[in-house]
Amino acid sequence: MALTLPVHPDPIDDGLRTSGLLKELAHGLGGPFHYLLPHRFDTSLAAFHSALADAGVEGRVYYGKKANKAAVFIDRCAALGGGVDVASLGELREALGHGVRGEDLVVTGPAKADALLRVAAQQGALIAVDALDELDRVLTLTVHRPPRVLLRVHPPAQPESRFGLNDEDLDEAMRGCAQAGDRIRMEGFSFHLSGYDPQQRADLAGDLVDLCLKARVLGLQADRISIGGGFAVDYVPKDAWETFQQEQHPGDYHAGKTFTNSDFYPYHSPVAGADALRAVLTARPSGNGPSLAEQLRQAGVMLLLEPGRALLDRAGASVFTVQGVKDRDGYGIVTVDGTSLSLSEQWFNSEYLPDPRLLTDRIADPHGAMPYRACVAGASCLDSDLLTWRKIAFPVRPQAGDLLVYPNTAGYQMDSNESSFHELPLPPKVVIDYPDDTGRPRWRLDR
Ligand SMILES: *Cc1c(COP(=O)(O)O)cnc(C)c1O
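This text gives an overview of the structure that appears in the document. It should be emphasised that the depicted structure is a prediction, and the values quoted were computed from it without experimental measurement.

Quick look at the site of the ligand now. In the vicinity of the ligand, the contacting residues are Lys-66, Asp-85, Thr-108, Arg-152, His-192, Gly-229, Gly-230, Glu-306, Pro-307, Gly-308, Arg-309 and Tyr-412. Separating an oxygen atom of the ligand from a backbone N or O atom of Gly-308 is a distance of 2.9 Å. Take Tyr-412: an N or O atom from its side chain is 2.5 Å from an oxygen atom of the ligand. Here the shell around the ligand is built from residues that sort into two nonpolar, five polar and five charged.

Written as structure tokens, this is what we have:
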């Protein structure tokens, strides 16, 4: 039995595959490409805004920009009043250049470069301070207005994290801000947790509300907290995911490669996206007392969040052309015209698991012929350049010229690790819009 892991049905992706547009683009662009669906981003952003409104919580959503380099998502933030979470001068420049206002930016990341801190302060961006020496550097900036800062908290539930200030550092930072008076605007606290647990986020958020109250005693503004990102994406149905985890073993992969289930992103989440925010807001911090939403309202604390992956759910896919197929002992090796650098999961001792879809003119045998199992390799000279180590069950044997579409890759997969290794061109990004009621897609290049 071949292991399969198809994504949730998606009529837009289905329509694009049958429309002929992807074949046309592969021909015209002459190499691998990604397509982006900005209307999906709009819908997700609106869902996060609704979750805040429904809970009666004042809040702001900052799109975690590192999840995708495309300009179009920043354009959407600027158009829809969303903020952006940036972590480098390049990302900050990009956000400003696409119309996001400085005060709608939050700057995260450790030990930020002086140039980044200076421009952030000049633009009125919110700076999440990660360490005491960074706070010192913020305090020595000579800018025409006081820098706006959050103090990033080291998460006690994740003691191995290298980010944030511990209790002692927090006390010192708060005293430093209080002493600095009008030279700084200490607006609150922040954290970013790894993992996707809503209760953990609510627990720490509750602590941050208390910290705001403590900071106000020192005369600090402290009227907002950021709970970072980490809102799960639900890629595949529950049953498929459970079966996959129970059954996957080295024989399912090229070269007997082994993955343990904990190596994988949790491709199924019962509560995902904006629903995960709803779960955080209704949770009771530390398991008792009023809900987080209630605590925020009572304390007059605004909730900031920085979703990256969740805003990009189903907002893009990656398309490769098959260049060749060879048979091996009982399975095949399909080589495509790109590399695994366009699927970043492959670079974290992990694998991007949602099944790629084969777009071919060949007809599958209706009389139940066995699927053709093959791994997917990149067009490079590295033995480890596999887009998919797993032997995918294709309905027919792929052939040169067929397309392979990896679904739902906009969040972190398509470009975070890309490189022009071998002097292969970087795959361009094609923005696909549906401008009218005819359902006819229109395309343009992202830049
Ligand atoms: C990466 C990151 C995010 C976005 O995380 P997602 O899992 O994509 O939602 C938000 N905030 C900070 C500080 C980050 O480092």
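Take the pairing of strand β16 (residues 429-433) next. A regular strand places its side chains so that they alternate between the two faces of the sheet. Burial analysis of β16 places four of its five residues in the buried class, which makes it a mostly covered element. Relative to β16, strand β1 (residues 33-36) is paired through three bridges, and the arrangement is parallel. Across the sheet, Tyr-35 pairs through a bridge with Val-430, a residue of β16. Where β16 and strand β17 (residues 442-445) come together, four bridges link them in antiparallel fashion. Bridge pairing in β17 links Asp-433 to Arg-442.

Quick look at the packing of helix α9 (residues 198-217) against helix α12 (residues 292-299) now. Orientation of α9 relative to α12, taken along the N-to-C sense of each, is 10 degrees, at an axis distance of 10 Å. Judged by the inter-axis angle, α9 sits roughly parallel to α12. When α9 is examined against α12, the residues Ala-202, Ala-205, Gly-206, Val-209, Leu-213 and Arg-216 are found in contact with a partner set consisting of Leu-292, Gln-295, Leu-296 and Ala-299. Looking at the contact of α9 with α12, its residues break down into seven nonpolar, two polar and one charged.

On to a nonpolar patch on the surface. Taken together, the side chains of Leu-29, Trp-443 and Leu-445 make up a nonpolar region of the molecular surface, amounting to roughly 270 Å² of accessible area. Within the secondary structure layout, Leu-445 lies in strand β17. Assessed through its relative accessible area of 39%, Leu-445 is described here as partly exposed.

Further remarks concern the environment of Glu-168. Looking at where Glu-168 falls in the secondary structure, it is placed in helix α8 (residues 167-180). According to the relative accessible area criterion, Glu-168 is exposed, its value standing at 65%. For Glu-168 and Val-7, which are 161 residues apart along the polypeptide, the C-alpha to C-alpha distance reads 46 Å.

For Glu-345, the position within the fold is in the loop between β11 (331-336) and β12 (357-359). Comment: no salt bridge for buried Glu-345; closest opposite-charge side chain is Arg-309, at 4.3 Å. Discounting chain neighbours no more than four positions away, the residues touching Glu-345 are Tyr-267, Arg-309, Ser-350, Glu-351, Tyr-352 and Gln-413.

The next thing to look at is helix α11 (residues 273-282). Buried within α11 are the following residues: Gly-273, Ala-274, Ala-276, Leu-277, Val-280 and Leu-281. Down the axis of α11, the sector holding all buried residues measures 150 degrees, keeping them to one side. On the buried face of α11, the contacting elements are α3 (38-54), α9, α12 and β9 (302-305).

Located in the positive-phi region is Tyr-412, a residue other than glycine, with phi close to 75 degrees. Note that Tyr-412 resides in the loop between β15 (403-406) and β16. Residue classification places Tyr-412 among the partly exposed positions, given a relative accessible area of 22%.

Right, let's talk about the pairing of strand β10 (residues 316-328) for a bit. Bridging between β1 and β10 involves four bridges; their strand directions are antiparallel. Its bridge partner lying in β10, His-34 is registered against Ser-318. Sheet analysis places β10 next to β15, joined by four bridges and oriented antiparallel. Looking at β15, one finds that Thr-321 is bridged to Leu-403. With six bridges joining them, β10 and β11 adopt antiparallel strand pairing. In the sheet register, Val-322 faces β11, and the bridge partner there is Val-336. Here β10 folds back onto β11 in antiparallel fashion, the turn holding two residues, of which Gly-330 has a positive phi close to 85 degrees.

Criteria and thresholds
- Residues numbered from 1 in each chain as written.
- Predicted model: local features only at pLDDT ≥ 70, side-chain atom pairs only at ≥ 80, totals over all residues.
- Heavy atoms only, no water.
- Near = heavy atom within 4 Å.
- Polar contact = N/O pair within 3.5 Å; in protein donor to acceptor, adjacent residues only side chain to side chain.
- Nonpolar A, V, L, I, M, F, W, Y, C, P; charged D, E, K, R; others polar.
- Buried < 20%, exposed > 50% of the residue type's maximum accessible area, 1.4 Å probe, protein only.
- Helix = DSSP H or I, 4+ residues; strand = E, 2+ residues; numbered from the N terminus.
- Pairing = 2+ DSSP bridges.
- Axes fitted to C-alpha atoms, helices over the stretch in contact; angles between N-to-C directions.
- Parallel < 35°, antiparallel > 145°, perpendicular 65-115°, else oblique.
- Contact = heavy atoms within 4.5 Å.
- Patch = residues over 30% accessible without salt bridge, like charges linked within 9 Å, V, L, I, M, F, W, Y side chains within 5 Å.
- Areas by Shrake-Rupley, 256 points an atom, 1.4 Å probe, with all protein chains shown as cover.
- Salt bridge = Lys/Arg side-chain N within 4 Å of Asp/Glu carboxyl O.
- Lys, Arg positive; Asp, Glu negative; His and termini not counted.
- Arc of directions from axis to C-beta.

Purely geometric numbers; function is a separate question.
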